[in-house]
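So you can see what is in the structure, the chains are spelled out below.
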Amino acid sequence: MTNLHALVGSRICHDLINPLGAIGNGIELLGLTGVGAGPEFQLVEDSVANATAKLKLLRLAFGAASREQVCSRIEILSILDAVAHGGRLRYSWHVSGDVARLDARVALLAAMCVESALPMGGEIDLRKSGEHWEVQTQNDRLTLDPNLWGPLGRNACPDDLSAAQVHFGLLAPMAEEAGRKPQVSHGANWVKIAF
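Residues numbered from 1 in each chain as written. Predicted model: local features only at pLDDT ≥ 70, side-chain atom pairs only at ≥ 80, totals over all residues. Heavy atoms only, no water.

A. Region of the structure containing the nonpolar core. Formed by 47 residues in total, the largest nonpolar core has its most connected members in Ile-124 and Trp-149. When residues of this core are assigned to their parent elements, the largest contribution, eleven residues, is made by helix H4 (residues 101-116). Every residue in contact with Ile-124, bar those within four places of it in the chain, is listed here: Leu-89, Arg-90, Tyr-91, Ser-92, Ala-111, Val-114, Glu-115, Leu-118, Val-135 and Gln-136. (Core = buried A, V, L, I, M, F, W, Y, C linked by side-chain atoms within 4.5 Å. Buried < 20%, exposed > 50% of the residue type's maximum accessible area, 1.4 Å probe, protein only. Helix = DSSP H or I, 4+ residues; strand = E, 2+ residues; numbered from the N terminus. Contact = heavy atoms within 4.5 Å.)

B. Just the pattern of salt bridges, in detail. Per the stated rule, a full pass over the model turns up seven salt bridges. Its salt-bridge partner being Glu-123, residue Arg-90 comes within 3.8 Å of it at the nearest N-O pair. Of the two residues, Arg-90 is situated in strand S2 (residues 89-94) and Glu-123 in strand S4 (residues 122-129); the sequence distance between them amounts to 33 residues. Residue classification places Arg-90 among the partly exposed positions, given a relative accessible area of 46%. The network of salt bridges with shared partners includes Asp-103, Glu-131 and Arg-180. (Salt bridge = Lys/Arg side-chain N within 4 Å of Asp/Glu carboxyl O.)

C. The arrangement of the packing of aromatic side chains in detail. Tallying each qualifying case throughout the model produces three aromatic pairs. When the ring of Trp-149 is compared with that of Phe-168, the centres are 5.3 Å apart and the planes differ by 80°; the resulting orientation is edge-to-face. Highlighted residues: Trp-149 in helix H5 (residues 146-153) and Phe-168 in helix H6 (residues 166-177), separated in sequence by 19 residues. Its relative accessible area of 7% is what places Trp-149 among the buried residues. (Phe/Tyr/Trp six-rings, centres within 6.5 Å; stacked < 30°, edge-to-face > 60°.)

Below you can see the structure in the form of structure tokens.
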């Protein structure tokens, strides 16, 4: 069966990435001519770079993927670094080499779930050992909403998801598509999603 929501995600990202790239190129050209000086110009430049990075992350996390597709380590590191730039979150990618796109999608969805537990920011650790993945964080200000994490622990879709929480509903089916089953564990100041 066709994964329609993944195709919708891919289409939206595809249609937006080109105009953002053109804006970024225009800003770069303005900077080379000396027109783009000052904090206002820097704000626009940073905003375009951040929007482009987030769009690339969303394309990997929500977009269509096949068993044959591979994501390069360099691409993922570049995206995670750009998304974290100037923000409250940091990502540590402890994965050597390129990875299957289906696995990268599950890892990034899991990271989004973990991110939801870090309202004040923090570090998200993503690692792979053999075929086993772990996405985790440790933070004294961890917030685990039982309405989201309870169903996730049962590989079920939580009720009444908002757009900002859609990754909680997509993790289990996207993991199943990759031939994986997420397992959630947590303590008072840590949470881990393994698959």
